Every structure is written in structure tokens, then in C-alpha cells.
Amino acid sequence: MIKILLVDDHLIVREGIKSVLRPYTDISVIAESVDGEDTMRRLKTLRPDLILIDVHMPKINGIEVLRRICSGKRPIKCVVLTAYPDEKYLVEAFKAGASGYLLKSATGEQIAEAIKTVAEDGEYFHDKLPKRLIKIVKQVIAARSAVEPVPTKLRPGRKRRDKLTLREIELMNLLGQGMRNKDIAEKLFLSEKTVKNHLTNSFRKLGVKDRTQALWVAMQQNLVIMP
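Predicted model, so just to flag it, every value in this text is computed and none were measured.

**Structural notes on the pairing of strand 2 (residues 27-33)**
Side-chain direction in a regular strand flips from residue to residue, so the side chains alternate between the two faces of the sheet.
Then step 1. Direction of pairing for strand 1 (residues 2-7) relative to strand 2: parallel, over a ladder of six bridges. By the bridge assignment, I4 is partnered in strand 2 with V29.
Then step 2. This β-α-β element, strand 1 to helix 1 (residues 11-21) to strand 2, shows right-handed connectivity.

Here it is, written out as C-alpha cells:
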């Protein structure tokens, strides 16, 4: 039995999804959530096998919820079910850790297939998504797997690794494009404070004090491709 947490701020959508999944006896919606804050609160006591989530929600948007869920100590598999086929949402969802992406025009069969595929460690893309975008996302998935995040707390006897994380490398490349913190925050669905914290960590790891120095060092290490 695959236990699902269903996250969407519209009751009619949640009821519709439960209805189309009812014939699938190996899938069970064990709980529902109406926004990002409610989702994080429920996960303190719930342990679903998979989360079916929209990206556009009040309080904490779905992209940020994905980041928190997928980067935690006990990550949970996530499938996005949304009305947005945009490249911006699709790419950011997979960067955040999603493993499936469905449009709300999906049939019950497609939703069930996505849930089962992701539950078995696969990836799933709605057949209406352009092949060009799927190719981009597959590159994101490959990069996500190749770059290991730097742990914030080191275990006893473990050496510090000062490599930039995938997110920090991404921010450095956006700096190289001349983007400001505010622009980066909007593009990546982050707060300006979070962007500033990422950059501060990057500067520390690179041993520099400002953006210009950081970009120079990052270019020398082939981490940034300047336009």
C-alpha cells in the first residue's frame, strides 16, 4: 500500500483526486493539507510514502515545501500535480527534489501510474510536457545526483568538505549574469534572506569577501561560465 499525503489549497481538486484514485486499492490518501505551513506541520507526525503536491499555494509555496521535504534527514518522494506547464515551475520543482510532474488535466490512470513509478524510485513526466523541457529536467536530475550537498553538521572524525553545493553553484552562475539578490530570489522561489545566506556560505568556502572575488575564484575552479 502506497500512503499519500495530498497537498492542494482547493477542496474541489482534492476531492476530485481522491475520487479518481479510489479504484486503485494499492494507493491510499492518508491525509490532506491545504497550504505549505499546514504540510510541514502535518509531517511532524505523519510519515507518508509519497506527497502529491501543487506548486502554487499560500503561505509557503510548493517549491519551497519540496526543498524542505526532499533535503531533510528523512526525505519523502514527491510528485507535483499542477496547472502550470511552465519551464520555470518544472525545472525548479525538480531542482527542489521532485521526482514526478503532472498537469491537472491528467487522468486517474496517469496519476496512479505516476505515484507507482515514483514510489519505485523512478521519474514520471506528463505526456503533454514538451520533450525539450523533459530533456532539460533530466539534466537537472543528473546534476542533482552528481553533486553531494555539504553537511551543516559534521559527524565526529569526519573532515570538512568545502565544495559548493549544487544550489550555491547555481547562485554563483546567476551572479555571473549580473543578477541582484532580489532577482535571484524571484527566479528561484527563495527569500532574499535565503539567497544572502547561500552567498555568505559560498564566500566562506571560496575564501573571499565579496561578489567580484567570488566570481573570479569560481571561474578559476570552472564553477561559473560567464556570459
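**Regarding the side chain of R67**
Then step 1. With respect to the helices and strands, the residue R67 is situated in helix 3 (residues 62-70).
Then step 2. Contact partners of R67, with chain neighbours within four places excluded, come to E92, A96, R167, L188, F189 and L190.

**Description of the confidence of the model for the protein chain**
Then step 1. For the protein chain, per-residue confidence averages 85 on the pLDDT scale, and residues scoring 70 or more make up 89% of the total.
Then step 2. Confidence over residues 147-161 falls short of pLDDT 50; this stretch has 15 contacts with residues more than four positions distant or in other chains.

**What about the sheet that holds strand 1?**
Then step 1. Taken in spatial order, the six strands make up an open sheet running 2-1-3-4-5-6, and their pairing is parallel. The two strands at the open ends of the sheet, each matched to only one other strand, are strand 2 and strand 6 (124-125).

**As for the pattern of salt bridges**
Two side chains bearing opposite charge may form a pair once their charged atoms approach each other closely.
Then step 1. Throughout the structure, instances matching the rule amount to 20 salt bridges.
Then step 2. K59 is the salt-bridge partner of D35, the closest N and O atoms lying 3.8 Å from each other. In this pair, D35 sits in the loop between strand 2 and helix 2 (36-42) while K59 sits in the loop between strand 3 (50-53) and helix 3, placing the two residues 24 residues apart along the sequence.
Then step 3. Classification of K59 as exposed rests on a relative accessible area of 64%.

**Some points on the packing of aromatic side chains**
Then step 1. Under the criterion given, the structure shown has three aromatic pairs.
Then step 2. Judged by centre distance (5.4 Å) and plane angle (40°), the ring pair of Y89 and F189 falls under tilted. Within this pair, whereas Y89 is found in helix 4 (residues 87-96), its partner F189 is found in the loop between helix 8 (181-188) and helix 9 (192-206), the two being separated by 100 residues in sequence.
Then step 3. Residue F189 is classed as buried on the basis of its relative accessible area of 16%.
Then step 4. Arranged with centres 5.4 Å apart and planes meeting at 25°, the rings of F94 and F125 form a pair that is stacked.

Cut-off values and rules
- Along each chain, the written sequence defines residue order, and numbers are assigned to residues from 1.
- The predicted nature of this model means local features are confined to residues of pLDDT at least 70 and side-chain atom pairs, given and counted, to a pLDDT of 80 or more, with totals for whole chains, interfaces and linings taken over all residues.
- Side-chain numbers here rest on the full set of heavy atoms in the structure, without hydrogens or water.
- Between any two strands, pairing holds if DSSP finds at least two bridges.
- For helices the rule is a DSSP run of H or I covering at least 4 residues; for strands it is a run of E covering at least 2, with both sets numbered from the N terminus onward.
- By definition, the crossover connecting two strands over a helix is right-handed if that path, from the first strand to the second, turns clockwise as seen with the strands pointing away from the viewer.
- In this description, contact between two residues means that some pair of their heavy atoms is separated by no more than 4.5 Å.
- Residue-level confidence of the predictor, termed pLDDT, takes values from 0 up to 100.
- Salt bridge, as applied in this entry: a Lys or Arg side-chain nitrogen positioned within 4 Å of an Asp or Glu carboxyl oxygen.
- Here the term buried applies to any residue with accessible area under 20% of the maximum for its type, exposed to any over 50%, and partly exposed to those in between, with areas from a 1.4 Å probe on protein chains only.
- In this scheme Phe, Tyr and Trp rings, the latter by its six-membered ring, pair at centre separations within 6.5 Å, and the angle between planes marks the pair as stacked below 30 degrees, edge-to-face above 60, and tilted otherwise.

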